[in-house]
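# Descriptive structure summary
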Amino acid sequence: INAFKRDEYEKALEENKNQTKYLKKLAFFLNQNNGGKDNTDRARLIDMEDWKDDVSILNDLLDWLGFENCSFPKVLHENGNGYEHDNSELSLGEKCVYPHL
(Lines give C-alpha, C1' and ligand atoms only; values in the text may rest on other atoms or scores of the structure.)
Protein backbone atom coordinates (compact mmCIF):
# COMPACT_ATOMS: atom_id res chain seq x y z
CA ILE A 1 0.00 0.00 0.00
CA ASN A 2 1.41 3.35 -0.92
CA ALA A 3 1.69 6.11 1.70
CA PHE A 4 -1.45 7.96 0.53
CA LYS A 5 -3.63 4.85 0.63
CA ARG A 6 -2.15 3.85 3.98
CA ASP A 7 -3.05 7.29 5.37
CA GLU A 8 -6.62 7.03 4.01
CA TYR A 9 -6.91 3.53 5.47
CA GLU A 10 -5.74 4.74 8.89
CA LYS A 11 -8.25 7.63 8.81
CA ALA A 12 -11.11 5.29 7.88
CA LEU A 13 -10.11 2.84 10.60
CA GLU A 14 -10.01 5.60 13.22
CA GLU A 15 -13.42 6.90 12.08
CA ASN A 16 -14.84 3.39 12.37
CA LYS A 17 -13.48 3.08 15.91
CA ASN A 18 -15.03 6.45 16.83
CA GLN A 19 -18.40 5.44 15.41
CA THR A 20 -18.28 2.14 17.30
CA LYS A 21 -17.53 3.99 20.57
CA TYR A 22 -20.44 6.36 19.91
CA LEU A 23 -22.87 3.50 19.21
CA LYS A 24 -21.80 1.66 22.37
CA LYS A 25 -22.34 4.82 24.44
CA LEU A 26 -25.73 5.43 22.80
CA ALA A 27 -26.88 1.87 23.46
CA PHE A 28 -25.76 2.14 27.09
CA PHE A 29 -27.58 5.47 27.46
CA LEU A 30 -30.80 4.14 25.92
CA ASN A 31 -30.75 1.04 28.10
CA GLN A 32 -30.05 3.03 31.30
CA ASN A 33 -32.48 5.89 30.75
CA ASN A 34 -35.70 4.01 30.34
CA GLY A 35 -38.14 5.87 32.55
CA GLY A 36 -37.14 4.09 35.75
CA LYS A 37 -37.75 0.60 34.39
CA ASP A 38 -34.98 -1.87 35.06
CA ASN A 39 -33.60 -4.39 32.58
CA THR A 40 -35.33 -2.91 29.55
CA ASP A 41 -33.45 -3.87 26.42
CA ARG A 42 -34.14 -0.76 24.32
CA ALA A 43 -30.98 -0.89 22.21
CA ARG A 44 -28.88 -3.74 21.01
CA LEU A 45 -25.55 -3.86 19.21
CA ILE A 46 -24.47 -6.91 17.29
CA ASP A 47 -20.96 -7.35 15.98
CA MET A 48 -20.55 -8.93 12.55
CA GLU A 49 -17.66 -10.96 13.91
CA ASP A 50 -20.17 -12.63 16.24
CA TRP A 51 -23.09 -13.27 13.88
CA LYS A 52 -21.33 -14.02 10.59
CA ASP A 53 -20.94 -17.65 11.66
CA ASP A 54 -23.86 -17.93 14.10
CA VAL A 55 -27.36 -17.52 12.67
CA SER A 56 -28.89 -17.84 16.16
CA ILE A 57 -27.72 -14.28 16.92
CA LEU A 58 -29.74 -12.96 13.96
CA ASN A 59 -32.74 -15.08 14.94
CA ASP A 60 -32.55 -13.69 18.47
CA LEU A 61 -32.59 -10.21 16.93
CA LEU A 62 -35.77 -11.08 14.99
CA ASP A 63 -37.43 -12.09 18.28
CA TRP A 64 -36.20 -8.93 20.01
CA LEU A 65 -37.65 -6.81 17.20
CA GLY A 66 -41.04 -8.46 17.71
CA PHE A 67 -41.28 -10.74 14.69
CA GLU A 68 -43.18 -13.98 15.28
CA ASN A 69 -42.59 -17.39 13.73
CA CYS A 70 -39.56 -16.08 11.84
CA SER A 71 -36.05 -17.41 11.57
CA PHE A 72 -33.13 -17.20 9.22
CA PRO A 73 -32.16 -20.70 8.06
CA LYS A 74 -28.55 -19.59 7.56
CA VAL A 75 -26.33 -16.56 7.11
CA LEU A 76 -25.79 -15.59 3.49
CA HIS A 77 -22.21 -14.83 2.54
CA GLU A 78 -21.41 -12.50 -0.33
CA ASN A 79 -17.75 -13.41 -0.11
CA GLY A 80 -17.87 -17.19 -0.08
CA ASN A 81 -14.65 -18.75 -1.32
CA GLY A 82 -13.19 -15.31 -1.86
CA TYR A 83 -15.67 -13.27 -3.87
CA GLU A 84 -18.40 -15.71 -4.90
CA HIS A 85 -22.04 -14.62 -4.73
CA ASP A 86 -24.34 -16.70 -2.51
CA ASN A 87 -27.31 -17.57 -4.74
CA SER A 88 -29.32 -19.22 -1.96
CA GLU A 89 -32.96 -18.29 -1.70
CA LEU A 90 -33.90 -17.25 1.79
CA SER A 91 -37.25 -17.42 3.54
CA LEU A 92 -37.94 -16.36 7.11
CA GLY A 93 -40.79 -18.87 7.23
CA GLU A 94 -44.28 -19.16 5.77
CA LYS A 95 -45.89 -17.97 9.00
CA CYS A 96 -43.43 -15.14 9.65
CA VAL A 97 -45.28 -12.00 10.75
CA TYR A 98 -44.66 -8.65 12.35
CA PRO A 99 -47.82 -8.25 14.41
CA HIS A 100 -47.16 -4.69 15.54
CA LEU A 101 -48.37 -2.93 12.38
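Residues numbered from 1 in each chain as written. Predicted model: local features only at pLDDT ≥ 70, side-chain atom pairs only at ≥ 80, totals over all residues. Heavy atoms only, no water.

## Observations concerning the state of the cysteines
By the definition in use, this model includes one disulfide. Two residues share a disulfide in this structure: Cys70 and Cys96, whose sulfurs sit 1.9 Å from each other. One quick way to see it: the torsion about the S-S bond of Cys70 and Cys96 is about 95°, and its sign makes the bridge right-handed. Taken together, the positions of Cys70 in the segment after helix H3 (55-65) and Cys96 in the segment after H3 put the pair 26 residues apart, joining distant regions of the chain. Looking at Cys70, the relative accessible area reads 9%, which means it is buried. Relative accessible area serves as the criterion here: at 23%, Cys96 is assigned to the partly exposed category. (Disulfide = S-S within 2.5 Å. Helix = DSSP H or I, 4+ residues; strand = E, 2+ residues; numbered from the N terminus. Buried < 20%, exposed > 50% of the residue type's maximum accessible area, 1.4 Å probe, protein only.)

## Topic: the side chain of Asn59
Tracing the sequence through the fold places Asn59 in helix H3. For Asn59, a relative accessible area of 15% puts it in the buried group.

## Notes on the pattern of salt bridges
Two side chains with opposite charge may pair up if their charged atoms get near one another. If you walk through the whole model with that rule in mind, you get six salt bridges. Measuring nitrogen to oxygen at the nearest pair gives 3.6 Å for the salt bridge that ties Lys74 to Asp86. With Lys74 in the segment after H3 and Asp86 in the segment after H3, the pair connects residues that are twelve residues apart, well separated along the chain. A residue is classified by how much of its surface remains accessible, and Lys74, at 35% relative accessible area, is partly exposed. Asp86 sits in the buried class, given a relative accessible area of 16%. A cluster of three or more residues bridged by salt bridges with shared partners is formed by Asp7, Glu8 and Lys11. (Salt bridge = Lys/Arg side-chain N within 4 Å of Asp/Glu carboxyl O.)

## Brief notes about the environment of Leu62
With respect to the helices, strands and loops of the structure, Leu62 is situated in helix H3. For Leu62, a relative accessible area of 8% corresponds to the buried category. If near-sequence neighbours (up to four positions away) are discounted, Leu62 is found in contact with Phe67, Cys70, Ser71, Phe72 and Leu92. (Contact = heavy atoms within 4.5 Å.)

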